[in-house]
Amino acid sequence: IYDENPHITEMMLTGGSPTMHPKLVNELTHFAHERGIFITIETEGSHFLPTDYPINLISFSPKFSNSVPTLGAITPGGNVVDERFIRTHNRYRLNLEAMAEMIDYHYKPVWVPGDEVAMEEIETFRREMKIPKSKTWLMPGGSTREEIIPHYAGTIDKALEMGYNFCPRAHIIAFDDKREV
């Protein structure tokens, strides 16, 4: 696709946890390097992976306590959340060592307006990890357009109040909950 469309000069690796696939990510850095493609990886920060060629931008969004799945909930993939699923989620939820290696990039926490407990976690994490406010991008919570749009105004207001940047999660606005885009 890139060879047929040389005007496309950027690549974003996202979804699930791309850092859990180090061989594939490293192979993609070779591909991007050979073609002059700017490569971004969006991750929750569970793993840091060194690559032969640099990732141009790492955008990491730690999973705080508000991300822990609810027992019995149905996942986007149609699975039922059980105790094993929750344990797996929590195993790498806050891998501070991996995140410390990513600090030179950007910190993008997800927040739902009114959730002051989550905001306290976001700000405590930012201070403890010594992340500048200028590298903090607050994102509205939600997995679909319908869910995030109502959170825009409150998230923008909170970002301004805290001295953060705002990230609109344009991929959700563009593609909604469509997978593999």
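As a convention, each chain's residues are numbered from 1 in the sequence order in which they are written. Where local features are concerned, this predicted model is filtered to residues with pLDDT of at least 70; where side-chain atom pairs are given and counted, the filter is 80 or more; whole-chain, interface and lining totals use all residues. As a rule here, side-chain values cover all heavy atoms of the structure and leave hydrogens and water aside.

(A) The arrangement of the pattern of salt bridges in detail. Salt bridges, as used here, are contacts in which a Lys or Arg side-chain nitrogen is within 4 Å of a carboxyl oxygen on Asp or Glu. Applying the stated criterion to the full structure yields seven salt bridges. Between R35 and D3 there is a salt bridge, with the nearest N and O atoms lying 2.8 Å from each other. Taken as a pair, R35 in helix α1 (residues 22-35) and D3 in the segment before β1 (10-13) lie far apart in primary sequence, 32 residues in all. Judged by its relative accessible area of 56%, D3 is exposed. Here E116 makes a salt bridge to K158, at a shortest N to O gap of 3.3 Å. One end of the pair, E116, is in helix α4 (residues 116-128); the other, K158, is in helix α6 (residues 152-162), with 42 residues separating them in the sequence. By relative accessible area, E116 is classed as partly exposed at 41%. Segments assigned H or I by DSSP are reported as helices when at least four residues long, segments assigned E as strands when at least two residues long, and all are numbered from the N terminus. Relative accessible area decides the class of each residue, using a 1.4 Å probe on protein chains only: under 20% of the type maximum gives buried, over 50% gives exposed, and in between gives partly exposed.

(B) Region of the structure containing the sheet that holds strand β5 (residues 110-111). A pair of strands is considered paired only if DSSP assigns at least 2 bridges between the two. Taken in spatial order, the three strands of this open sheet run β5-β6-β7, and their pairing is parallel. Across the chains shown, the open sheet's two edge strands, defined by having one partner strand only, are β5 and β7 (165-166). Bridge analysis of β5 against strand β6 (residues 137-140) gives two bridges, and the strand direction is parallel. Bridging across to β6, W111 finds its partner in P140. Should any heavy atoms of two residues lie within 4.5 Å, those residues are considered in contact. Inter-axis angles, ranging from 0 to 180 degrees, are taken between N-to-C directions of lines fitted to C-alpha atoms, where helices are fitted over the stretch in contact. Sheet strands in contact with α6 are β5, β6 and β7, and its direction is about 165° off that of β6.

(C) View of the pairing of strand β2 (residues 38-43). For β2, a buried count of five out of six residues is recorded, marking the element as mostly surrounded by other parts of the structure. Pairing between β1 and β2: four bridges, direction parallel. Its bridge partner being in β2, M11 is matched across the sheet by I39. In this sheet, strand β3 (residues 57-60) lies alongside β2 in parallel orientation, the contact comprising four bridges. Bridging across to β3, E42 finds its partner in S59.

(D) Highlighting the sheet that holds β3. In spatial order, the strands read β1-β2-β3-β4; together these four strands make up an open sheet with parallel pairing. Of all the strands in the sheet, just β1 and β4 (106-107) have a single pairing partner and so form its edges.

(E) Fine view of the side chain of E44. Relative to the helices and strands, E44 resides in the loop between β2 and β3. Under the convention used here, Asp and Glu are negative, Lys and Arg are positive, and both His and the chain ends fall outside the count. Despite its burial, E44 pairs with no opposite charge, the nearest such side chain being K63 at 6.8 Å. Two N or O atoms form a polar contact when they lie within 3.5 Å of each other; inside protein one atom must be a possible hydrogen donor and the other a possible acceptor, and for residues adjacent in sequence the pair counts only when both atoms belong to side chains. Side-chain polar atoms of E44 contact the side chain of T43, separated by 2.9 Å.

(F) Quick look at the side chain of T43. Considering the arrangement of structural elements, one finds T43 in strand β2. With relative accessibility at 3%, the residue T43 sits in the buried group. Within the local environment of T43, its side chain forms a polar contact with the backbone nitrogen of G45, the two atoms lying 3.0 Å apart.

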